[in-house]
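# Structural overview
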Amino acid sequence: MGFLAPWFLAGALAVGLPVFVHLLRKQTTVPRPVSSLMFFEQGTQSSTRHRRLRYLLLFTLRTLTVLLLALAFARPYFRHKTVLASDKLLLVAVDDSYSMNAKAGGDAGTKLDEAKREALQTLSHKSVGQKAQVIELGGQMKLLTQPVEEGDQLRAAVDGITPGDGHATFGELGRGMRAMAETVHTPMELDLFSDMQESNMPGNFADMVMPGNVQLVLHRVGAEKATPNWTVESVQAPGQLVDTKKARVIAVIAGHATPAASRTASLVVNGNVVATKKVDVPADGRATVVFEGLDVPYGESRCAVRVGSGEGAADAFPSDDASWFAVKRADPERVLFVHQATDTRSPLYFGAALAAAAQAEFVLQPITPEQSSDIDPTKYAFVVLSDVPSVPAILENTLIRNVQVGGSVLVAAGMAESHREHIPVYDGNVQDGHFYAHGLADAAGFATVGEADGSHPAMKDANGWEGTKFFYAAAVPLDHDAGKARVVARLGDGTPLLIDRQMGEGHVLLFASGFDNLTNDLPLNPAFVAFVDQTAKYLSGEERVSGARVVDSYVQLRNPVNEASGDSAASKATVDVVGPDGKRPLSLKEAAAAQSFQLEHAGFYQIHFANGRNALIAVNPDPRESDLATVPDDVLKLWSGSAGTGAATAGESASEQADNSVSGLWWWFMLMLAITALAESAVASGYLGTQREAA
Amino acid sequence: MLQRFLDPAVLHGINGLDLVAKTVVDGFVAGLHRSPDFGFSLEFAEYRAYSPGDDLRHVDWNLFARTERCYLKRYRGETNSQMTLLLDASNSMKFSSHAVTKMDYARYMAASLFYLSLHNQRDPAGLIVFDDEVRNYVRPSTRQGQLHRLLAGLEQAEPAARTDFGKPLQHFQEFLKRRGIVLVISDFYEQPETIVKAIEPLRFHGSEVVLFHILDPKEIYPEMKGPSILVDLETDQRLEVIPDYVKTEYRAKMDNHLQQMKERAQSAGLGYHLLTTDKPLDRALTEYLSLRRSSIAGGR
């Protein structure tokens, strides 16, 4: 017997209270008035004996109450060796990650089929009355049933497990079991049916350690030795295409536990093989294949790079031999560049950078503010307001409306804007202008970038910004922008340089300097090309949908609604998601409100975003699932032995730990406490009743 | 404030009864009390032969004209009964085992009697409050405002000091010169012979004396669950008493005391009634008045 909270035993010191009340405190009797003593006579002989006996009983009950209370809080327990089989909760976990689609060998079908067969066998050997629960371990851990005794329900749950495309991790399983052990205190037996893929191991072994009352039983499915598998590990292709001849598709063919072999790589466009190349993949290594030119029709195309068997060993996992990607072919999108008539440098530098980058997806259309009154911004990928102090009100209103529904504007606040406080479209004012060239703020006559947020799409490649000199920057206060504006880059003195502000579904990117080489030397810097390229992709929305995704990643459907302003008119628009199987996974309610969506299956998703854009997104399984190398037996033994008290006592057998279960006694003490308290109340009420009468 | 002495429920119970005095008292004021003496009133009683010295104004000349004999006409006189209430205001009257102390109960009863006497019967009523001395005296009267004076006297009668029937007795004799009804309200914590000896002289004037013995029910049947220290309310003397004694010997002594009181009072021609404070007040008075009426009827 022991105590789980022995510090509460210190509460037994409260026994001193009844000792003081009964034994140390002097008993006082309240005198009782009567009309006359003429009929009374003194008598004291037998009174004290009765009183002491009754007080002794009361004292004992009170002392017992205090002791039982302290003991109950100290949570006494005792260990007992015998645990009935029916008391143990059986957990059947079936791994349905993407690698389980691989062949198990022989005629057994896939590894998942074999795992389900073994799981059903385990359930059939379950003792009568024992509860069991079925768990699916894919990209996430899912509980398919409640703890039930009915075998039919459990078998149906196992049969219902379908092949998944996710990436399982044993760390997720460990975390889930630890969370479950906080509510379930009975012994549990976890039977895991998995191919024990090495890539499923988390970085830290402690993540997959099981709690004390879980006995882990591992069932390896498939061969212990890794089977050779070739796969298309990655594909690099443009998401949007203008010139099909200039486009390049670069694919990496990887071999896992494979000998050196010659494979064929095919480029498939809309189901047709348009190019085939032979590639020599070294033993357990990687090879790169480059397809020059990507001849796709206008619109969105479903493309893939597929690796064929070619000559040599057979592939054990044909499902991962292709990697999908989506390409959209369109004419170059126009970018409206509004600049002052006197400013000829800005369109020159910006246009040159735009032409050099982004595979000529954008064409710059420079105009002056005077020409821009009847411009429709919806026809442009995005709009640039380059240091224009004012734009026609009709254009500004049109731009604001366009931004609210998903358009984007890049505003450069150069020196010309310093004469006016209001910044067009951007809901803010220029507070001051910092002229670093005059040496007021910086002795060197210029300022440099102090910090840059590399996680922002426009600043992915901010390496070249360090040497850029800024001679002028507009000071834009951020006080009223709290929660809506994000400072992407700051100068050394803290002045915000690049501010991204969300307005409705769209964005306004404010560059607090100019695009000429007078206010800074950024246009002369190679980093300007990367900046313009990434900014153009970000503002045009291409960045959000380009490239291939991995299963279980999320795609943002709409911008988060700002509760304070509630200015997102477009956020009320519904989105539409069509999955690889042609079904719509979102309900109508979800389609009207969901901000993001998890891509759970491999294939092509057709998505209509809240801002009105459409995109075809290719989703591929996690490439780690293609590495079929398994966890060594000694590691598995260490893992299964770690259940109970952790890795330090891995030598103890799991069964012994499970049998050595703990039974709490606190509620027995609470029961006795309740009885004692009732008895104490009965005795004390008699005593107090006498006292009251006397008073 | 005074209204609390005039509980309508109590008065309702008493209204239905006629207070008929047992003793006829001198007086000529019209009322409901029939006097055994003859006086000069409107109701004819009898003729008596004239004897020398009689007042010629009472001769029935009509009868003389018819019979030539002189007869005097005699009438039945109606008189008032003066009621004097002696209220014990000693400290022992403060005792109570519930909401109403003995003093409260005595006040209620006295107020009810005053109201009945003055308002319904138009009898003079007076009050003597005493403990070991006479504390307050309100002369019997039927004047306007008498009821308020009496009730104010009751209000001021706060228990103090101890009871002593011997010392205030001589004062009682001075105050009670007319015949009437004398009511004594007390808990009578004294030897019965001492009490009767002190009160008996009040009857010598021809007054009807009735003793109301007021006790708390817990004084007759006390409850004690453990040894207790008792304090005498009058003497402040302390005594430790055990429950066994209270259950046996105290009961016997109290019963004997009550029996002695009753017997001694009756043998001295005093009326005696034991009232406990848990009994309804109207019920106690009704009981007493019924007894009085029946005794009057029996006496005729």
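See the structure above.
Structure report, in brief.

The helix and strand tally for chain B stands at nine helices and 11 strands. Out of the 300 residues belonging to chain B, those deemed buried represent 39%. Taking contacts inside chain B between residues at least 6 apart in sequence as the whole, the part at least 24 apart equals 78%.

Let us now look at the sheet that holds strand β4 (residues 82-88) of chain B. Residues and elements named next belong to chain B. Strand order across the open sheet formed by six strands is β6-β5-β4-β7-β8-β11, with mixed pairing between neighbours. Only two strands of the sheet have a single neighbouring strand rather than two, namely β6 (134-141) and β11 (271-276). Within this sheet the neighbouring strands show an average axis-to-axis angle of 15°, counted without direction. Here strand β8 (residues 208-215) pairs with β11 via six bridges, running parallel. Each bridged residue has a counterpart across the sheet, and for Ile214 the counterpart in β11 is Leu275. Packing against the sheet, helix α4 (residues 146-156) makes contact with β5 (125-130) and β6, and its axis sits at approximately 165° to β6.

On to helix α8 (residues 527-540) of chain A, then. All names here are of chain A. With 14 residues, α8 should reach 20 Å at 1.5 Å per residue; the first-to-last C-alpha distance of 20 Å fits that figure. Counted residue by residue, α8 has 13 buried out of 14 residues, so it is predominantly covered. At the C-terminal side of α8, Gly541 shows a positive phi close to 85°.

Taken together, the contacts link 26 residues of chain B with 21 residues of chain A. Listed by contribution, the elements that provide at least two residues to the side of chain B that touches chain A are β9 (228-232), β10 (238-241) and α8 (243-267) of chain B. A per-class count over the side of chain B that touches chain A returns 13 nonpolar, four polar and nine charged. Pairing geometry for strand β2 (residues 32-34) of chain A and β9(B), over three bridges, is parallel. Of the residues in β9(B), the one forming a bridge with A:Val34 is B:Asp232.

Looking now at the packing of helix α6 (residues 192-199) of chain B against α8(B). All names here are of chain B. One way to put it is that α6 packs onto α8 with a least axis distance of 9 Å and a crossing angle of 30°. The angle between α6 and α8 places the two elements in the roughly parallel class. Crossing angle aside, the handedness with which α6 passes α8 is right-handed. Along its contact with α6, which presents Pro192, Glu193 and Val196, the element α8 presents His257, Gln260, Met261, Arg264 and Ala265. A per-class count over the contact of α6 with α8 returns four nonpolar, two polar and two charged.

Residue and element names in this part refer to chain A. For strand β7 (residues 188-194), a buried count of seven out of seven residues is recorded, marking the element as mostly surrounded by other parts of the structure. Alternating residues of β7 divide into Met188, Leu190, Leu192 and Ser194 and Glu189, Asp191 and Phe193, and every residue in both groups is buried. Of the pairings in the sheet, the one linking strand β4 (residues 89-95) to β7 comprises six bridges and is parallel in character. Among the inter-strand pairings, Val92 is bridged to a residue of β7, identified as Asp191. Where β7 meets strand β8 (residues 214-220), seven bridges bridge the pair, whose relative direction is parallel. Opposite Leu192, over in β8, you have Leu218 as the bridge partner.

Our next topic: α4(B). All names here are of chain B. All buried positions along α4 are accounted for by Gln146, Leu147, Leu150, Leu151, Gly153 and Leu154. Viewed along the axis of α4, the buried residues span an arc of 150°, placing them on a single side of the element. Exposed and oriented more than 90 degrees from the buried face of α4 are His148 and Gln156.

Positive phi, close to 65°, is recorded for A:Val425, a residue that is not glycine. Relative to the assigned elements, A:Val425 resides in the loop between β21 (422-423) and β22 (428-429). Using a count of 23 C-beta atoms within 10 Å as the deciding quantity, one classes A:Val425 as buried. One non-glycine residue, B:Phe188, lies in the positive phi region at around 50°. Note on B:Phe188: 28 C-beta atoms within 10 Å, which makes it buried.

Rules used throughout
Residues numbered from 1 in each chain as written. Chains lettered and ligands numbered in written order. Predicted model: local features only at pLDDT ≥ 70, side-chain atom pairs only at ≥ 80, totals over all residues. Helix = DSSP H or I, 4+ residues; strand = E, 2+ residues; numbered from the N terminus. Buried ≥ 20, exposed ≤ 12 C-beta atoms within 10 Å, placed from the backbone. Contact = placed C-beta atoms within 7 Å. Pairing = 2+ DSSP bridges. Axes fitted to C-alpha atoms, helices over the stretch in contact; angles between N-to-C directions. Expected span 1.5 Å × (residues − 1). Nonpolar A, V, L, I, M, F, W, Y, C, P; charged D, E, K, R; others polar. Parallel < 35°, antiparallel > 145°, perpendicular 65-115°, else oblique. Left-handed = near helix turned anticlockwise from the far one by under 90°. Arc of directions from axis to C-beta.

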